[in-house]
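What follows is each chain in one-letter form.
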Amino acid sequence: MEGHVDAFTHFNGISGKVIFDNARVGVKEGFGLYAKPQAGYQALSAHYAFKTHFTNINSGNEKSLVENLVGWSRRNLMVPIPRVDSIDELNELLIAGCLEYRQHKIQGRSQTVGEQSIADCHALIKLPEYTFDTSRTVSPRVYDDSTFQFDRNRYSVPVKLVGRQISVKAFGNEIACYYNADKVATHQRSYERGEILYQLEHYLPLLEQKPRSVYHAKPIRRSEAMALLDWGRTFPNGAKDTVKLLVLSVEYGVNRLLTIRDQLPTGIQPTIELVRSELSPPVEPIPSLATEISVHPVDLKAYDRKFKVVGQ
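So what's going on with the side chain of R189? Which residues, and what values?
Tracing the backbone through its elements, the reader meets R189 in the loop between β10 (182-188) and β11 (196-197). Note on R189: relative accessible area 16%, which makes it buried. Within the structure, the side chain of R189 is placed 3.2 Å from the side chain of D151, a separation counted as a polar contact. In this structure the side chain of R189 is engaged in a polar contact, spanning 3.0 Å, whose partner is the backbone oxygen of F171. Those residues within four positions of R189 in sequence are excluded, and the remaining contacts are F150, D151, Y155, A170, F171, G172, N173, E174 and I175.

Structure (structure tokens):
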């Protein structure tokens, strides 16, 4: 459903009929003309005012265009296999490839794919004012370790929410957390089992109160910020300065701090003030003024003459 909403938004309109496969995610029972959609798909079609059409089982000919486009996408966008760091990056590559294909002209057609797409968009149904919410929403309670349970995994939220009940909206690739209508955390959704996903910034207020726990806290030891712990031990105030380093890492990134560490000359005592000075943008030099400025003489006696005339 989320994919359909994204497609409607991308094309800025909805087709009058949408053809679905007969998968159980969309069909409660039956198939083809006798298919009974799941409640979510019924709500989706009602919101966007399109007719649903479910294909028959083992009838690829009923959706041959889709099958052909899947093959085109595999051959043109997945060869060689993309190497990406996230599904968001993969989606960006895919959409870029599809947009590039708009320049292609199919044999026997007078217009490009992009030009034909523009013509098709004129026939689409106008988008409704509100976007359909495709998320799965739950209201878990936050545990003592500032995490909550969702779908076999646990995710962190700010420590101030321990013991509170929050609202969680689960999308295909994202978990969004809300408290009193304010978004308090966002996680990439995990489909593993028994995983705990921490975000360092959620625990910084607690670490500032108890800095000695910084070297043993799980949210740090399971994050890339762990690389800063040994460096933090060399600072004058030990654990307190290490926590301050972690605060800076959230704002500027761990890699930038590590670069500063590696560039410091041997024998220099690192301090938080020194790190902050390296993080600050360089001061722009004051532009030099012209050495010779021409000044035109002014006859100030003109004022005396004017006021003398007015006084008379």
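Requested: an account of the sheet that holds strand β7 (residues 153-156), with residues and values cited.
Backbone hydrogen bonds hold the strands of a sheet together, and the pairing may be parallel or antiparallel. The 3 strands lie next to each other as β6-β7-β11, forming an open sheet whose pairing is mixed. In this open sheet, the two edge strands, each paired with only one partner strand, are β6 (147-150) and β11. Two strands pair when backbone bridges link them, and β7 and β11 are joined in this way by 2 bridges, in the parallel orientation. Of the residues in β11, the one forming a bridge with Y155 is L197.

Could you give an account of the nonpolar core, naming the residues involved and the relevant values?
L207, V214, I220, W231, L246 and V275 are the most contacted members of the largest nonpolar core, which totals 25 residues. When residues of this core are traced back to their parent elements, those giving at least two are α6 (204-209), α8 (229-233), α9 (239-252), α10 (254-263) and α11 (272-279). The element best represented in this core is α9, accounting for 5 residues. If we ignore the near neighbours within four places in the chain, the residues touching V275 are W231, F235, L245, L248, L257 and I260.

I'd like a rundown of the pairing of β7, residues and numbers included.
Note that β6 and β7 share 4 bridges and pair antiparallel. If you follow F148 over to β7, its bridge partner there is Y155. The antiparallel hairpin formed by β6 and β7 contains 2 residues in its connecting segment, where D151 sits at a positive phi of about 50°.

Tell me about the sheet that holds strand β9 (residues 174-179), and please be specific about residues and values.
Read across the sheet, 4 strands follow the order β5-β8-β9-β10 without closing on themselves; strand pairing throughout is antiparallel. The open sheet terminates on both sides in strands that have one partner only, identified here as β5 (136-138) and β10. Neighbour to neighbour, the strand axes of the sheet diverge by 20° on average, direction disregarded.

Give me the lowdown on the environment of R212, citing residues and values where you can.
Locating R212 in the fold gives a position in the loop between α6 and α7 (218-221). Given the relative accessible area of 76%, R212 is considered exposed. Separated by 142 residues in sequence, R212 and V70 have C-alpha atoms that sit 55 Å apart.

How would you sum up a negative patch on the surface? Please name residues and give values.
The grouping of D85, D88, E89, E92 and E174 at the surface amounts to a negative patch. In terms of residue count, helix α4 (residues 87-101) provides more of the negative patch than any other element does, 3 residues in total. The exposed category is assigned to D85, whose relative accessible area is 77%.

Explain α11 residue by residue, including any values.
Within the span of α11, buried status applies to I272, V275 and L279. Seen end-on, α11 carries its buried residues on one side only, within an arc spanning 65°. The inward-facing, buried residues of α11 abut α8, α9 and α10.

Got a sec to walk through unusual backbone geometry? Specific residues and values, please.
Residue V79 is joined to P80 through a cis peptide bond whose omega torsion reads -5°. Following the sequence through the fold, P80 ends up in the loop between α3 (64-77) and α4. Residues other than glycine seldom take positive phi values, yet S146 does so here, at roughly 65°. Its place among the elements puts S146 in the loop between β5 and β6. With relative accessibility at 1%, the residue S146 sits in the buried group.

Reading the values: rules and limits
- Residues numbered from 1 in each chain as written.
- Predicted model: local features only at pLDDT ≥ 70, side-chain atom pairs only at ≥ 80, totals over all residues.
- Heavy atoms only, no water.
- Helix = DSSP H or I, 4+ residues; strand = E, 2+ residues; numbered from the N terminus.
- Buried < 20%, exposed > 50% of the residue type's maximum accessible area, 1.4 Å probe, protein only.
- Polar contact = N/O pair within 3.5 Å; in protein donor to acceptor, adjacent residues only side chain to side chain.
- Contact = heavy atoms within 4.5 Å.
- Pairing = 2+ DSSP bridges.
- Core = buried A, V, L, I, M, F, W, Y, C linked by side-chain atoms within 4.5 Å.
- Axes fitted to C-alpha atoms, helices over the stretch in contact; angles between N-to-C directions.
- Patch = residues over 30% accessible without salt bridge, like charges linked within 9 Å, V, L, I, M, F, W, Y side chains within 5 Å.
- Areas by Shrake-Rupley, 256 points an atom, 1.4 Å probe, with all protein chains shown as cover.
- Salt bridge = Lys/Arg side-chain N within 4 Å of Asp/Glu carboxyl O.
- Lys, Arg positive; Asp, Glu negative; His and termini not counted.
- Charge placed at Lys NZ, Arg CZ, Asp CG, Glu CD.
- Arc of directions from axis to C-beta.

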